[in-house]
Amino acid sequence: AQTVTQSQPEMSVQEAETVTLSCTYDTSESDYYLFWYKQPPSRQMILVIRQEAYKQQNATENRFSVNFQKAAKSFSLKISDSQLGDAAMYFCAYRSWANSKLTFGKGITLSVRP
Amino acid sequence: EPEVTQTPSHQVTQMGQEVILHCVPISNHLYFYWYRQILGQKVEFLVSFYNNEISEKSEIFDDQFSVERPDGSNFTLKIRSTKLEDSAMYFCASSTALQENTEAFFGQGTRLTVV
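Residues numbered from 1 in each chain as written. Chains lettered and ligands numbered in written order. Predicted model: local features only at pLDDT ≥ 70, side-chain atom pairs only at ≥ 80, totals over all residues. Heavy atoms only, no water.

J.: Mind showing me how you'd approach the packing of aromatic side chains here?
T.: How two aromatic rings sit relative to each other is given by the distance of their centres and the angle of their planes. The final tally for this structure, using the stated rule, is 20 aromatic pairs over all chains. Ring geometry for Y37(A) against F104(A): centres 5.8 Å apart, planes inclined by 55 degrees, an arrangement best described as tilted. Of this pair, Y37(A) sits in strand β5 (residues 32-39) while F104(A) is found in strand β11 (residues 102-104), placing the two residues 67 residues apart along the sequence. Of the two residues examined, Y37(A) and F104(A), each falls in the buried class. Here F91(A) and F104(A) contribute two aromatic rings whose centre-to-centre distance is 6.1 Å and whose plane-to-plane angle is 90 degrees, an arrangement assigned as edge-to-face. Here F91(A), found in strand β10 (residues 88-96), pairs with F104(A), found in strand β11; they are 13 residues apart in sequence, far enough to count as distant. When sorted by exposure, F91(A) lands in the same class as F104(A), which is buried. Through successive ring pairs, a cluster of aromatic residues spans F35(A), Y37(A), F91(A), F104(A), Y33(B), Y35(B), F45(B), F91(B) and F106(B). (Phe/Tyr/Trp six-rings, centres within 6.5 Å; stacked < 30°, edge-to-face > 60°. Helix = DSSP H or I, 4+ residues; strand = E, 2+ residues; numbered from the N terminus. Buried < 20%, exposed > 50% of the residue type's maximum accessible area, 1.4 Å probe, protein only.)

Encoded structure:
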């Protein structure tokens, strides 16, 4: 079974600075997808960014980018120019290529200091 | 922008009672899911549903749980006899397909409180 580990329960960043959230996973599969979801206080799960394992290029979405290290099974999220609205819980998630369910990590609470 | 809609936003029920949580997935989506999140814990997969049947379920999804797509738009989660430990946020999600457009869209959740 796949597992997703987010070992940092909390992080804090100064507004306009850059922060990196860590995630590691364990799988025996070679094809899969990885995601970062944001959960603000409203509790809705919002997709931030996704990465296909077969792609070597790291995904980017505006201020959000990932560092995908397939051999190390590491998938970190970098948030540049942090904004107050980035404060939320962030979940790393894994999805098998052939299976539609998501396996989530425990999440990390990100606070942004003005 | 299309979205997944869940009702009610908050449901309080007495232990032992049946509860039905409602979801309207995005209209052209084919895969439907329920997840739950106990307060302060990670989001856990409950069940996936495709082509009018359950395609996968977790250990959490025991005989007390059932899902149904009673018409072309709704997707419901029923808990037959609620327990205190069923108190959680329940998220419905939907997606178009497995390989293409792999994003799962989540609803805003239903907070279930069992007293």
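J.: How do you make sense of the nonpolar core when you look at a structure like this?
T.: Most often, soluble globular proteins have nonpolar side chains that are buried together. Within the largest apolar cluster, 26 residues are counted, with the highest numbers of intra-cluster contacts made by L21(A), Y25(A), W36(A), F75(A), L77(A), I79(A) and Y90(A). Contributing elements (two or more residues each) for this core: β3 (19-21), β5, β6 (46-52), β8 (64-69), β9 (74-79), β10 and β12 (108-113) of chain A. Of the residues forming this core, the biggest block, four residues, is contributed by β10(A). Of all hydrophobic cores here, the second largest spans 21 residues; its members include L21(B), C23(B), I26(B) and W34(B). (Core = buried A, V, L, I, M, F, W, Y, C linked by side-chain atoms within 4.5 Å.)

J.: Quick question: what am I supposed to make of the interface of chain B and chain A here?
T.: When the parts of a complex come together, some accessible area is lost, and that lost area is often taken as the interface size. On the chain A side, the residues contacting the 23 residues of chain B number 21 residues. Where chain B touches chain A, the interface holds one salt bridge. The interface formed by chain B and chain A includes six residue pairs in polar contact (both at pLDDT 80 or more). Broken down by secondary-structure element, the contributors of at least two residues to the side of chain B that touches chain A are β4 (31-37), β5 (43-50) and β9 (88-95) of chain B. Among the elements that make up the side of chain B that touches chain A, the one with the highest residue count is β4(B) (four residues). Taken together, the residues of the side of chain B that touches chain A break down into twelve nonpolar, seven polar and four charged. (Contact = heavy atoms within 4.5 Å. Salt bridge = Lys/Arg side-chain N within 4 Å of Asp/Glu carboxyl O. Polar contact = N/O pair within 3.5 Å; in protein donor to acceptor, adjacent residues only side chain to side chain. Nonpolar A, V, L, I, M, F, W, Y, C, P; charged D, E, K, R; others polar.)

J.: Even after reading the chapter, I still don't get the pairing of β9(A), so can you show me in this structure?
T.: The side chains of a regular strand alternate, first on one face of the sheet and then on the other. Residue and element names in this part refer to chain A. The buried fraction of β9 is high, at five of six residues. Examined bridge by bridge, β3 and β9 share three bridges and lie antiparallel to one another. Following the sheet pairing, T20 is matched in β9 by K78. Note that β8 and β9 share six bridges and pair antiparallel. Residue pairing for β9: V66 is matched across the bridge by L77. Here β8 folds back onto β9 in antiparallel fashion, the turn holding four residues, of which K73 has a positive phi close to 55 degrees. (Pairing = 2+ DSSP bridges.)

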